[in-house]
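Observations on the model geometry
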Amino acid sequence: VLLELAERDSDARQRLNRINQVADERLRDLLALGKQRGVIRAEIDPLAASVLVRRSIEAAATEVFVHRMTDPAPERMLEGLTDMICRYIFREEPH
């Protein structure tokens, strides 16, 4: 509903854009902190990663909750998405 309203109403669109911007910035800051602490891969760009992660989650959620996708099962989608994000962001521990 909010996305539909944002398509028609410029004020709603600006507010939604601001919400997304703040969310991206907060995740960016969290990833930058993790990078400083050596938990996040050194080559990760925190802002690019925050945008990619949030949009990946948003896309998966849209498929499951809006389009009512059932195949693959939502649980499998969550498992795959979690694995993909973790492999992209976190440093691998030496074996």
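Our structure is the block above this text.
Attention here is on the structure that accompanies the text. Because the structure is predicted, anything quoted here is derived from the model rather than measured. (Residues numbered from 1 in each chain as written. Predicted model: local features only at pLDDT ≥ 70, side-chain atom pairs only at ≥ 80, totals over all residues. Heavy atoms only, no water.)

**A few points about the packing of helix α2 (residues 10-36) against helix α3 (residues 46-66)**
- Here α2 crosses α3 at 125°, and the two axes come no closer than 8 Å. Taken together, the axis directions place α2 and α3 in an arrangement best described as oblique. Here the hand of the crossing between α2 and α3 comes out right-handed. Only P46, L47, A49, S50, V51, V53, R54 and R55 of α3 make contact with α2, whose side of the interface consists of N20, A23, D24, L27, R28, L31, A32 and K35.
- When grouped by side-chain class, the residues that make up the contact of α2 with α3 number nine nonpolar, two polar and five charged. (Axes fitted to C-alpha atoms, helices over the stretch in contact; angles between N-to-C directions. Helix = DSSP H or I, 4+ residues; strand = E, 2+ residues; numbered from the N terminus. Parallel < 35°, antiparallel > 145°, perpendicular 65-115°, else oblique. Left-handed = near helix turned anticlockwise from the far one by under 90°. Contact = heavy atoms within 4.5 Å. Nonpolar A, V, L, I, M, F, W, Y, C, P; charged D, E, K, R; others polar.)

**What about the pattern of salt bridges?**
- As enumerated under the stated definition, the model contains seven salt bridges in all.
- With a shortest N-O distance of 2.6 Å, E43 and R41 are connected by a salt bridge.
- A salt bridge links E79 to R76; its shortest N-O distance comes to 3.4 Å. On the criterion of helical spacing, the pair formed by E79 and R76 is a turn pair, its members being three residues apart in helix α4 (residues 74-89).
- Classification of E79 by relative accessible area gives partly exposed; the value is 48%. (Salt bridge = Lys/Arg side-chain N within 4 Å of Asp/Glu carboxyl O. Buried < 20%, exposed > 50% of the residue type's maximum accessible area, 1.4 Å probe, protein only.)

**Quick word on the environment of A60**
- In this structure, A60 sits in helix α3.
- As a C-alpha pair, A60 and V22 span 38 residues in sequence and 21 Å in three-dimensional space.
- Those residues within four positions of A60 in sequence are excluded, and the remaining contacts are M77 and L81.

**Quick word on the nonpolar core**
- Ranked by size, the top nonpolar core spans nine residues in total: L31, I40, I44, A49, V53, A60, L81, I85 and I89.
- Those elements that provide at least two residues to this core are α3 and α4.
- Those residues in contact with I40 that sit more than four places away from it in its chain are L31, G34, K35, I89, F90 and R91. (Core = buried A, V, L, I, M, F, W, Y, C linked by side-chain atoms within 4.5 Å.)

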